[in-house]
Amino acid sequence: MDSETFNLPQYEIPEDLRHAVAVTTLDRLYNWGRRSSVWPLMFGLACCAIEMIAAQTARYDMARFGMEVMRPTPRQADLLIVSGTVTKKMLPPIVRLYNQMPEPKYVVAMGACASGGGPFKEGYNVVAGIDKFLPVDVYIPGCPPTPQALIAGLIKLQEKIDRQIIKEASWYKRKVKDPNYVPVPILGPDLIDPRRAADIKAAAAQEE
Amino acid sequence: MTTPAPASTATVDLATRFPGVVQLDARPDYTGFIVEKDSLLEVAAAIRDEFGFDLLSSVTGVDYAPDKMEVVYHAYRTSGGPGLAFKVQVPRIDPVEVPSLIHLWPGVDLQEREVWDLLGIKFSGHPDLRRILMWEGFEGHPLRKDWKEGFYEEDVKPFKSRWPQGKFAMAEDLNPFGDNLTFPKNFEPEKWIPEGEALLYGALARYTVENEDGISSDRIVINMGPHHPSTHGVFRAVMTLEGETIKGLKPVLGYLHRNHEKIGERNTFLQNMPYTDRLDYFNSMTNNFGYALAVEKLMKIPVAERADYIRVIVSELSRIQNHFVFIGTLLNDLGAMYTPSLYAYEERELVLDIFEAISGSRMMCNYYRFGGVVRDIPDDVMQKIKDLVYERIPPKTDELDRMLSENEVLLARMRGIRMINAEDAVAYSITGPVLRAAGVPYDVRRADPYGIYDRFDFDVAVRYNGDLMDNYLIRIDEIRQSLRILDQAIRQIPQGPINSQKPAYQVRVPAGEAYGRIESPKGELGFYVLSNGKPNPWRYHVRAPSFVNVTALEKISVGTKIADFVVLLAMFDMVMGECDR
């Protein structure tokens, strides 16, 4: 960012200091730092993961946007790219990985499967969209999305980061511990979402 | 124009060898033999030892609701030639039980577990019959015809609500639980105690051991995956270690089980074509090939001459890019983080450009149709293919070879590290490059030619040491052989129609069974398709090379160091989409 656009509050800077001093807001500085170093979790589920890898290779080069540092451990990651079909068997590990990521954290649903089940929605082992469990920030359509589409989605995420305000960010609120904690689903006769246990019990009692 | 080969059954007279217990399968358009359940072991031993069918390629089950179930075996000779199908029929009354063939062919291990998991057929004598794709505690066996998933709407597509009425309701609104869920009546979630993984850890054979001096000590249990950067997807291996040596190992699959087979039985025949793309998502072009072959056998239709050549061209291009990516990821696993991958993906992108130009999609090509292909290759794309095959890929292959094959670190990590010997590889039903690197020159393209592969002059790449280095080098050999095939195919390709049939949304498939198999870059990819004359397949089974090859993982890894395990696993070139289906 050059000093012209960085000088957001429109203070008049004296001519001789123009290239040395900029006045900006804390939010803008802070978000500029965060959006330029989003570290995704090195986490592939299915077909989309291959396009995610392709997006990092020389032709598409995600590194241009500060996102090339894939971290295999969730403790160092900011972004969970759910790249592929989410199965019921895989869901508990995914939720655990999400819970282990430090705030602030973001989720991108890459492709039709992660967004809503895609072609496999009717499958008995398939979760129809990761948004039934995790809060999703950006959905990327496609089956699989091309690397260009993935990069476009990640730029959308950067725009979202740009607009966040530190004073209102949920992860800095004092009283709330772990604001985005998601209870880990249980593998029963079918997938049990602990948050919906009462619903399930009521519906199961009524089944003919 | 090539006509499909007649149903490929070897001329073996099993019925006269075992009078009374073996009968010819007399159903119209079925092949093979039906064996009495009680003499299965005896007959199977004869099939292997007397008739020489040493490679048991596929085991699967069929639910002929409401009265019987069937287990179907496909056996082949590694010396080549058509195969032999034999079947066991049992009444459909629980417990459905069939003797296990695990002592004759250890390669049936995971496949029998799959049949148990999805169809509920018990294999007596199987030492470790646990669920494999679903989890312990899951209710029911999903591939049975009377089992219905949460989003069940109708038995077959197109659903009446959509066609011809054209109404659409959210699947969530139709389900009592508001989601893709089914629970038994009066189920109480808070009282549910998960079965956990006691069975899995129990199967890992004693992890407390008595030492010679009488002091007992624990072995370390390590879980690798399902989230791990070197397991190539959501594969999980649980192992016990003593120091750094692996003493026991169990693969845990099913984290990407997307129910291809259940969905496939609801789909029409043509609707399954795009689903095959998503099996082995590096090679949609070869997956389509296997499925098209199986259905063409059922329909008894020829393939247009030009389409036959196009199929060979795209399959071999696909094989080349697959092996490039294999080498890239292998080097990743060996610690050469990402630089070789960048070289590999560069070539892959060029191949994908061609796929995109002819099919419209980079990865999920959906390019084949029954009787041909969907679009022709235009002249300018043909020129691109020529440039790639003659100008670009050969020097790049040499470059990769020069850069890597004599690299000191690579040699130290890979030379002399045992993978598997030929005898075990055949017993464990391993196919593809891993089998050929162990010294068995078995390649479906040569052993039981499909399409027009019998017209091309190429060598089956084979190496004899069976160590990791050979497993790596054979991929480079195969790239070179693929280039030879491509060279001939490009020069011979005729002009003409690209499909022998008229384009149609619904194809008429007569009743019968067919097993179409091809040599995919990972090994033998087979499709077992069973039609009863309706628009949908009655049974649609995928014999995935990644899944069957991984059966031998335990055998291969026990006794090696954990640092080598990552490389051993990489050699299978597994793709979880195909492995878990």
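This text goes with the structure placed above it.
Rules used in this analysis
Residue positions within a chain follow its written sequence, with the count starting from 1. Key to labels: chains lettered from A, ligands numbered from 1, both in the order written. Where totals are concerned, whole chains, interfaces and linings use all residues; where local detail is concerned, this predicted model gives features only for residues with pLDDT of at least 70, and gives and counts side-chain atom pairs only at 80 or more. For the side-chain quantities, the full set of heavy atoms in the structure was used; hydrogens and water were omitted. Only DSSP runs of H or I covering at least 4 residues are called helices, and only runs of E covering at least 2 are called strands; the numbering of each starts at the N terminus. Burial classes: relative accessible area under 20% of the type maximum marks a residue as buried, over 50% as exposed, and values in between as partly exposed (1.4 Å probe, protein chains only). Any pair of residues with heavy atoms lying within 4.5 Å of one another is described as a contacting pair. Areas reported as accessible are Shrake-Rupley estimates using a 1.4 Å probe. Residue values count occlusion only from the protein chains shown. Counted as positive: Lys and Arg. Counted as negative: Asp and Glu. His and the chain ends are not counted at all. Taken as the charge location is NZ of Lys, CZ of Arg, CG of Asp or CD of Glu. Note on terms: buried area is the combined drop in 1.4 Å-probe accessible area of two parts once they are placed together, counting the loss on both. By salt bridge we mean one thing: a side-chain nitrogen of Lys or Arg within 4 Å of a carboxyl oxygen of Asp or Glu. Pairing between two strands requires that DSSP report at least two bridges joining them. Simply put, an axis is a line fit to the C-alpha atoms, just over the touching stretch for a helix, and the angle between two N-to-C directions goes from 0 to 180 degrees. Distance and chemistry together define a polar contact, namely a pair of N or O atoms within 3.5 Å, with one atom able to donate a hydrogen and the other to accept it when in protein, and with adjacent residues in sequence counting only for side-chain atoms on both sides. Only protein atoms enter the 1 Å grid used here. Points where a 1.4 Å probe fits but cannot escape make up a cavity, open sets with protein on both sides within 12 Å along at least five of seven lines make up a pocket, and a residue lines them when an atom lies within 4 Å of a point. Grid points are joined across faces, edges and corners, and a volume is the space filled by probe spheres set on the points. Here the term charged refers only to Asp, Glu, Lys and Arg, the term nonpolar to Ala, Val, Leu, Ile, Met, Phe, Trp, Tyr, Cys and Pro, and the term polar to all other amino acids, Gly among them. Here the angle decides the label: under 35 degrees means roughly parallel, over 145 means roughly antiparallel, 65 to 115 means roughly perpendicular, and every other value means oblique. We call a crossing left-handed when the near helix sits turned anticlockwise from the far one by less than a right angle, and right-handed when that turn is clockwise.

A. Quick look at the overall build of chain A. Per the secondary structure count, chain A includes 7 helices and 5 strands. Put simply, chain A runs from its N terminus to its C terminus through helices and strands in the order α-α-α-β-α-β-α-β-α-β-β-α. When its C-alpha atoms are laid out on the principal axes, chain A stretches across 80 × 45 × 25 Å. Counting the 208 residues in chain A, one finds 48% classified as buried. If you take every contact in chain A between residues at least 6 apart in sequence, the share linking residues at least 24 apart comes to 72%. In the structure as shown, chain A presents an accessible area of about 9,500 Å², 55% of it carried by carbon and sulfur atoms. Here chain A holds 25 positive side-chain charges and 23 negative ones, and the gap between their average locations is 6 Å.

B. The arrangement of the interface of chain B and chain A in detail. Listed by partner, the interface residues are 62 residues for chain B and 54 residues for chain A. Interface of chain B and chain A: buried area, both sides summed, is about 5,400 Å²; carbon and sulfur atoms make up 62% of it. The largest contributions to the chain B side of the interface with chain A come from Trp135(B), Phe177(B) and His227(B), which together make up 14% of the buried area. For the pair chain B and chain A, the number of links is 9 salt bridges. With its nearest N and O atoms 2.8 Å apart, the salt bridge here joins Glu51(A) to Arg362(B).

C. Quick peek at the sheet that holds strand 11 (residues 236–242) of chain B. Residues and elements named next belong to chain B. Judged by pairing direction, the sheet is antiparallel, and its 3 strands sit side by side in the order 10-11-12 without closing on themselves. Only two strands of the sheet have a single neighbouring strand rather than two, namely strand 10 (220–224) and strand 12 (245–252). Neighbour to neighbour, the strand axes of the sheet diverge by 20° on average, direction disregarded. Alignment of strand 11 against strand 12, held across 7 bridges, turns out to be antiparallel. When the bridges of strand 12 are listed, Thr 240 appears paired with Gly 248. Together, strand 10, strand 11 and strand 12 form the strand contacts of helix 19 (residues 562–571), whose direction differs from that of strand 11 by roughly 155°.

D. Representation of the pairing of strand 7 (residues 121–124) of chain B within the structure. Residue and element names in this part refer to chain B. Here strand 7 shows one buried face, formed by Ile 121 and Phe 123, and one open face, formed by Lys 122 and Ser 124. For strand 6 (residues 96–99) and strand 7, the ladder comprises 4 bridges, and the chain directions are parallel. Across the sheet, residue Pro 99 finds its bridge partner in strand 7, namely Ser 124.

E. Highlighting the pattern of salt bridges. Residues and elements named next belong to chain B. A full pass over the atoms with the stated rule returns 62 salt bridges over all chains. Here Arg 436 and Glu 478 are joined by a salt bridge, their closest N and O atoms 2.5 Å apart. Within this pair, whereas Arg 436 is found in helix 14 (residues 433–437), its partner Glu 478 is found in helix 16 (residues 468–492), the two being separated by 42 residues in sequence. Look at Arg 436 and you get buried, because its relative accessible area is 0%. Look at Glu 478 and you get buried, because its relative accessible area is 4%.

F. Quick look at the side chain of Thr87(A). Along the chain, the position of Thr87(A) falls in the loop between strand 1 (79–83) and helix 4 (91–100). A polar atom in the side chain of Thr87(A) sits 2.7 Å from the backbone oxygen of Tyr255(B). The residues touching Thr87(A), leaving out its near neighbours within four places in the chain, are Asn125(A), Val126(A), Val127(A), Gly254(B), Tyr255(B), Leu256(B) and His257(B).

G. Up close: empty space enclosed by the protein. Inspection of the entire model under this criterion finds 5 cavities of 30 Å³ or more. In this structure, the largest cavity spans a volume of roughly 70 Å³. Lining the largest cavity are 15 residues; nearest its centre among them are Cys47(A), Cys48(A), Cys113(A), Cys143(A) and Arg258(B). Those elements giving two or more residues to the lining of the largest cavity turn out to be helix 3 (47–56) and helix 5 (111–116) of chain A. Of the residues forming the lining of the largest cavity, the biggest block, 3 residues, is contributed by helix 5 of chain A. A class-by-class count of the residues in the lining of the largest cavity yields 9 nonpolar, 4 polar and 2 charged.

H. Structural context of the sheet that holds strand 2 (residues 33–35) of chain B. Residue and element names in this part refer to chain B. Spatial ordering of the open sheet is given by 1-2-5-4-3, a layout of 5 strands whose pairing is mixed. The open sheet has two edge strands, strand 1 (22–24) and strand 3 (55–64), and neither has a second partner. Recorded for the sheet is a direction-independent mean angle of 25° between the axes of neighbouring strands. Where strand 1 meets strand 2, 3 bridges bridge the pair, whose relative direction is antiparallel. Counterpart to Val 22 in the pairing with strand 2 is Val 35. Seen against the sheet, helix 2 (residues 40–49) touches strand 1, strand 2, strand 4 (68–76) and strand 5 (84–91) and runs at an angle of roughly 175° to strand 5. Packing of helix 3 (residues 109–119) onto the sheet brings it into contact with strand 3 and strand 4, and relative to strand 3 it is tilted by some 10°.

I. Fine view of the packing of helix 10 (residues 339–359) of chain B against helix 11 (residues 379–404) of chain B. Residue and element names in this part refer to chain B. Two elements in contact, helix 10 and helix 11, have axes separated by 11 Å at closest approach and are oriented at 165°. One element, helix 10, and the other, helix 11, form an angle in the roughly antiparallel class. At the point where helix 10 passes helix 11, the crossing takes the left-handed sense. Residues Tyr 343, Glu 346, Glu 347, Leu 350, Val 351, Ile 354, Ala 357 and Ile 358 of helix 10 form the contact with helix 11, whose own contacting residues are Val 381, Lys 384, Ile 385, Leu 388, Arg 392, Lys 396, Glu 399, Leu 400 and Met 403.

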